[in-house]
Amino acid sequence: EHTADEVRDLATAFRIPNAPVANGATIGGHATVGDWVVIAALSGVHQFCRIGKHAMIGAASAVTQDVLPYSMTVSDRPIRVFGANKTGLERRGFAPATIDALQKAFRLLSHAGLNTSQAVARIRAELSGCPEVEEILAFIEASERGVIK
């Protein structure tokens, strides 16, 4: 049992809207978790990290940097992004063209051998006009801890 003060303190330490958190997952203080995030069992999210909306964090992941929106992310020491959260996005009704654009953006960020600045420039040049891709770019630019890619 928790006192009313303990519950209030927990509620102000981090924000978790519409986000299933599996057993054994831990979320550090002042972390921000976006809508429809899935945090799988035994995952740990470091304090002050941001988890972008519609992301899925794989089981037993150690999250020490911000997690990109719409991504499926897992740590294998080191943690990495290996693509868009395609199944989750399809279930939520995202258009195939949007999912394809997100997948291309993640390929450029994670698998093209580019640094983050180079990848952002290529994404802007090749995938402009997709609001979800623009959100990822804004998310990267606002990051203070760097992003997992």
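Section: the nonpolar core
Then step 1. Membership of the largest hydrophobic core comes to 40 residues, with the highest contact counts inside it found for V45, I51, L68 and V133.
Then step 2. Elements supplying a minimum of two residues to this core: β9 (79-84), α3 (96-110), α4 (116-126) and α5 (131-142).
Then step 3. Setting aside its immediate chain neighbours within four residues, V45 contacts T26, I27, G28, A31, I39, I51, I57 and V63.

Considerations on the side chain of E132
Then step 1. Structurally, the position occupied by E132 is in helix α5.
Then step 2. One buried charged residue, E132, forms no salt bridge at all, with the nearest opposite charge on K53 at 7.4 Å.

Focus: the pairing of strand β8 (residues 71-75)
Sheet faces and side chains relate simply in a regular strand, where the side chains alternate between the two faces.
Then step 1. In β8, alternate side chains face the same way, and those of S71, T73 and S75 are buried while those of M72 and V74 on the opposite face are not.
Then step 2. As judged from the two bridges shared by strand β6 (residues 56-57) and β8, these two strands associate in the parallel manner. Paired with M56 across the strands is M72, a residue of β8.
Then step 3. Where β8 and β9 come together, four bridges link them in antiparallel fashion. Bridge assignment links V74 to a residue of β9, and that residue is R80.

Focus on α5
Then step 1. Over its twelve residues, α5 extends 16 Å from the first C-alpha to the last, a length consistent with the 16 Å expected when each residue adds 1.5 Å.
Then step 2. Here α5 has its buried residues at E132, V133, I136, L137, F139 and I140. Angularly, the buried residues of α5 cover 155 degrees about the axis, an arc narrow enough to put them on a single face. Set apart from the buried face of α5 by more than 90 degrees, the exposed residues are P131 and E141.
Then step 3. As for α5, its buried residues are in contact with β5 (50-51), α3 and α4.

Calculation criteria
Residues numbered from 1 in each chain as written. Predicted model: local features only at pLDDT ≥ 70, side-chain atom pairs only at ≥ 80, totals over all residues. Heavy atoms only, no water. Core = buried A, V, L, I, M, F, W, Y, C linked by side-chain atoms within 4.5 Å. Buried < 20%, exposed > 50% of the residue type's maximum accessible area, 1.4 Å probe, protein only. Helix = DSSP H or I, 4+ residues; strand = E, 2+ residues; numbered from the N terminus. Contact = heavy atoms within 4.5 Å. Lys, Arg positive; Asp, Glu negative; His and termini not counted. Salt bridge = Lys/Arg side-chain N within 4 Å of Asp/Glu carboxyl O. Pairing = 2+ DSSP bridges. Expected span 1.5 Å × (residues − 1). Arc of directions from axis to C-beta.

In short, shape yes, function no, at least from these values alone.
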